[in-house]
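# Residue-level structural notes
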Amino acid sequence: MNDTRERNHHKAGLSRRDFLRTSGAAAATAAALAEAPPALAEEAPAKIVAKAIGPEPIKLTLDVNDAAMTTHVEPRVTLLDALRNYLDVTGCKRVCDRGTCGACTVMVDGKPIYSCTMLALEAEGKKIKTAESLIDGGKLDAVPAAFAKHDAQQCGFCTPGFVVAMRAAFDKNPNATPAEIEEALSGNICRCGTYQQMRDAIAALCKNQRKGD
Amino acid sequence: MATSWPKKRRLIGSKIQRLDGPAKAAGKAKYSYDINRKGMLHAVLLRSPHAHAKIKSLDSGDAEKMPGVKAVYAIKKAGDELFWAGEEILALAADNEEHALDAVRAVKIEYIVLPHLVKEEDALKNDPQTVSAMGGKRNNVQPAMEAASGGFEKGMADAAVTVEGSYGVPTVCHQCLESHGLVAEWGADGGLTVWASTQAVTGTAVALAQYFSGKYKLDLPANKVKCITHYMGGGFGSKFGPDIQGLVAAELARQAQAPVKLMLDRASEITAGGCRPSAYGKVRVGAAKDGKVTAYEVDCYGTAGTQASATVTFNALPYVYPFEYKRKHTRIRTNAQVQRAMRAPNHPQNCALTEFILDDLAAKLGMDPMQLRLKNLPQNDLEKAKTAPHSLDALKNTIYTREIEIAAALSKWKDKWHPPGKTAGVVKHGIGMALHTWGGQATPQRNECTVIITADGSVTARTSTQDLGTGQRTVTALITAEILGLEPEQIALQFGESPNGASSGSGGSTTIPSQAPATLRAATAARDELFAKIAPKLESKAEDLSIEHGKVVNRSKGKSWSWKDACSRLGDEQVKATGFWTIGESLKPENKDVSSSGVGGVQIAEVMVDTETGVVRCTQIVAVQDCGLVVNPLTCESQVAGGVIMGLNYALFEERIMDRVTGRQVNPDMEFYKLGGIEDMPKIIVHLHDMPERGVIGVGEPPVISTHAAIGNAIFNAIGARVPHTPFTPERVLAALAAKGGNK
């Protein structure tokens, strides 16, 4: 991958590290700092003069479901909003928008994260996978297929978040027990009440995984 | 022509997978929230931070100059009074959401803050007139509703024992995961298209047409407004019509001449997107020594926010049981959002105000509460049985008795029930039960479905009705496929778009009893039209033709043609037939037992209560539910289990908490407004008590009603102390134990 070097050469592009040096913390994204904060500057080479970024939009290229997607967003825009509002990738849903409900779960470099709690520019250079990556033409990944087969969804608005979290849990441990999968889903909330059917899906998936050993 | 369900059923009654399952699970289904139109603006609402205030000044001049702002629409003006925190004041649309949020912060507004009351007990005691005038007067407390049956006084006087208690349930919020809102776009022809998160596709289109044609004298008949709802992320009774945010989004779109998306943020969804009203009351029952209740008395109150609605179903108190009664209900207006219908409106409140005290009574009598319930069940109405043998009135005793038997066997009640609080140890087991009822009949409004067959054998079923996640889409396909001898996947669906024909809103569990018969009629008429058109080409008489799985058959000639082959005889013709249904149709003698009304339902809950921490864990719920003819047992079971889970959330987690000082809700979020996760869930055993002879009845609402009462009674059985109010939090469990004198 050539992305890191290219991004750092780009006028408005910043690595996550540069970004942190500049703004100090995710909460201070809009702050225009002329110099790096002292505490962080200690580890920085002396000559680097940190660039202020924002509040104007910056060019951003994200690797979403194996496709490079480019847009312009303000630095304060979350990964969730960049995906949904700027890139029309809407499998991740906005529900609580503050890291409680899990409807916005996506995989970032294979780890399930709440995309509402990550800035879009923090995700640059990482591999982002949303629920849409789990269907290829008509071929459905085993996890969403089990949700469909066992009717583990009603309105379906929370479902892609659950599906991604469960896919990530099986990727991490293909021999996970149902209890371990349930634990991995404990950061997701469903309102229609599909947990009983989700358990049926989990039982079937765990059994199939064991057979596949 | 008479309508009836086919006697031999290949698909109806079988577990058929949801057709939109893969699209939803893989994030491909586009909800209203997911619609992104070219050049679309994002809108944000400014809401009142005060529970009661007057707008002193309102100036959006600076906001209009903010980057990206394209339209501003003032809902309120200086001098207007605001009656709840969250009330809508102004909306604006900008090129992106970030700009819209910045701009709304630049609106200059000054308030004259006025006194408010947000707690029922405060508003009940005081009358400082914090709410708008009603009948010329500003009153928090509305005149009480009161009624009594003729035999009440004698019943209470004759009682061998009496029991009293106070019980209640708080206001809870719908908490739809897809928030309320829509995308509005005006077309070059002057028409309006909206992608709305709604339970009423046609109703939303009609309401928008009326609003705009009335306000601006536009030529905007309902057929020039198109409402699209392909997928809907939860409504539970809170999403009928465009709402204020829908009208405002369309106003902004009109002003800016660009599509506008306005979806509520989470805090707004909770504080303004709907809530179930509270109900608290004193209840007293009298009974004979054998457990037969002789009289029931309730004096209850609740708040529906600024509105003066009843918060119980007054005429259904007592609930389910036909006791002699005296009832009183006081409606309290508070400075909070107006209630909205929530999954079986007011029935959970009625259930709590009836079912809790029955277990307290059973304990006083030393009885098994299941036996006490069996003694007090309503009787079958023998007169009704003559004219309507499949009506709930005719079958009440039969249905409840049978459902209790089934639930008792599935839960092993006889082995598990013990006298309340009479088990050793710190963590105590308890088991409890409750009953419920609901209607679920077709609507008076017309519901239509159209089935189209073309010469290549393809079949389309078209309807405007919405699938809220109930599985209605799949039901439409499977009924069409049943009649035409096909598979559900072979039916192309055109769903959830207002131009597709008449339909009613999905409320009251009315969708399947309204839509399924319309589909049955459309598919049957299409089949008959197909036979009429192709019979000459098959050298058959139309009446000799019939459908078998995948083919058209002439039995008298012993000949058959594959479906495709048969349809190809249509040549350049096509078949198109529309069926409709209403409650009126269902009541015609020739259409009996196609759809009907009235269900029972029994739930038995088990809990483990930690008497040191007060933590309640629900371990199992058995839900026995009838709903007439079960069309798709897979999605029907999902509805029942989902209702149980929502009821469990009411029991253990959900409560809107209002702050007395600021008048705002302190938990308009998902971390402090709690909903259970998968690890909080009990084992749920659903038993569908199939009664196909009754026809189709809706089931969306009934399973939610009695769960919290069953859990409350299970806690009482575990610890021998009544926790009077939901949610049954550790704090409340410990308080109940302390009041009883500890874990004895």
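As the structure is a computational prediction, the values presented were derived from the model and not from experiment.

Analysis parameters
Residues numbered from 1 in each chain as written. Chains lettered and ligands numbered in written order. Predicted model: local features only at pLDDT ≥ 70, side-chain atom pairs only at ≥ 80, totals over all residues. Contact = placed C-beta atoms within 7 Å. Helix = DSSP H or I, 4+ residues; strand = E, 2+ residues; numbered from the N terminus. Axes fitted to C-alpha atoms, helices over the stretch in contact; angles between N-to-C directions. Parallel < 35°, antiparallel > 145°, perpendicular 65-115°, else oblique. Left-handed = near helix turned anticlockwise from the far one by under 90°. Nonpolar A, V, L, I, M, F, W, Y, C, P; charged D, E, K, R; others polar. Buried ≥ 20, exposed ≤ 12 C-beta atoms within 10 Å, placed from the backbone. Pairing = 2+ DSSP bridges. Domains from an automatic or database assignment.

## Some points on the interface of chain B and chain A
Each partner contributes residues to the interface: chain B has 48 residues there, and chain A has 50 residues. Sorting the residues of the side of chain B that touches chain A by element identifies helix 1 (21-25), helix 3 (97-105) and helix 18 (633-652) of chain B as the ones contributing at least two each. Examining the composition of the side of chain B that touches chain A, we find that 9 residues originate from one element, helix 18 of chain B, more than from any other.

## Side note on the packing of helix 5 (residues 142-149) of chain A against helix 6 (residues 159-172) of chain A
All names here are of chain A. Closest axis-to-axis distance for the helix 5/helix 6 pair is 9 Å, and the angle between their directions is 130 degrees. Classified by the angle between their axes, helix 5 and helix 6 sit oblique to one another. Crossing handedness for the pair helix 5 and helix 6: right-handed. Within the contact between the two elements, helix 5 uses V143, P144 and F147 and helix 6 uses T159, V163, M166, R167 and F170. Taken together, the residues that form the contact of helix 5 with helix 6 break down as 6 nonpolar, 1 polar and 1 charged.

## Topic: unusual backbone geometry
Of the consecutive residues G54(A) and P55(A), the connecting peptide bond is found in the cis state with omega at 0 degrees. Along the chain, the position of P55(A) falls in the loop between helix 3 (38-41) and strand 1 (58-64). For the peptide bond that leads from L317(B) to P318(B), omega is 0 degrees, which places it in the cis range. Within the secondary structure layout, P318(B) lies in the loop between strand 16 (293-303) and strand 17 (325-332). The phi torsion at N65(A) lies on the positive side, around 50 degrees, for a residue other than glycine. Tracing the backbone through its elements, the reader meets N65(A) in the loop between strand 1 and strand 2 (67-73). A residue is classified by how many C-beta atoms lie within 10 Å of it, and N65(A), with 18 of them, is partly exposed. Positive phi, close to 65 degrees, is recorded for A344(B), a residue that is not glycine. If you trace the backbone, A344(B) turns up in the loop between strand 17 and helix 9 (347-365).

## Some words on the sheet that holds strand 23 (residues 551-554) of chain B
Residues and elements named next belong to chain B. Taking strand neighbours across the sheet as the criterion, the 3 strands line up as 22-23-24 in an open arrangement whose pairing is antiparallel. In this open sheet, the two edge strands, each paired with only one partner strand, are strand 22 (545-548) and strand 24 (559-562). Neighbour-to-neighbour, the strand axes of this sheet turn through a mean angle of 30 degrees, independent of strand direction. Bridging between strand 23 and strand 24 involves 4 bridges; their strand directions are antiparallel. In the strand pairing of strand 24, K551 is matched with S562.

## Topic: the packing of helix 9 of chain B against helix 10 (residues 369-376) of chain B
How two helices sit against one another is set out by the angle between their axes and by the gap between those axes. All names here are of chain B. Running from N to C, helix 9 and helix 10 cross one another at 115 degrees; their axes reach a closest spacing of 9 Å. Judged on the interaxial angle alone, helix 10 and helix 9 are roughly perpendicular. With respect to the hand of their crossing, helix 9 and helix 10 are arranged in right-handed fashion. Between helix 9 and helix 10, the contacting residues are L358, D359, L361 and A362 on the first element and P369, L372 and R373 on the second. Looking at the contact of helix 9 with helix 10, its residues break down into 5 nonpolar, no polar and 2 charged.

## What about the domain arrangement of chain A?
Residue and element names in this part refer to chain A. Partitioning chain A into structural domains gives domain 1 (3-129) and domain 2 (133-211). With 15 residues of domain 1 in contact, the opposing surface of domain 2 contributes 12 residues. Going through the elements one at a time, strand 3 (105-108) and strand 4 (111-114) are the ones with two or more residues in the side of domain 1 that touches domain 2. Sorting elements by how many residues they give to the side of domain 1 that touches domain 2 places strand 3 first, with 3 residues. Of the residues assigned to the side of domain 1 that touches domain 2, the class counts are 7 nonpolar, 5 polar and 3 charged.

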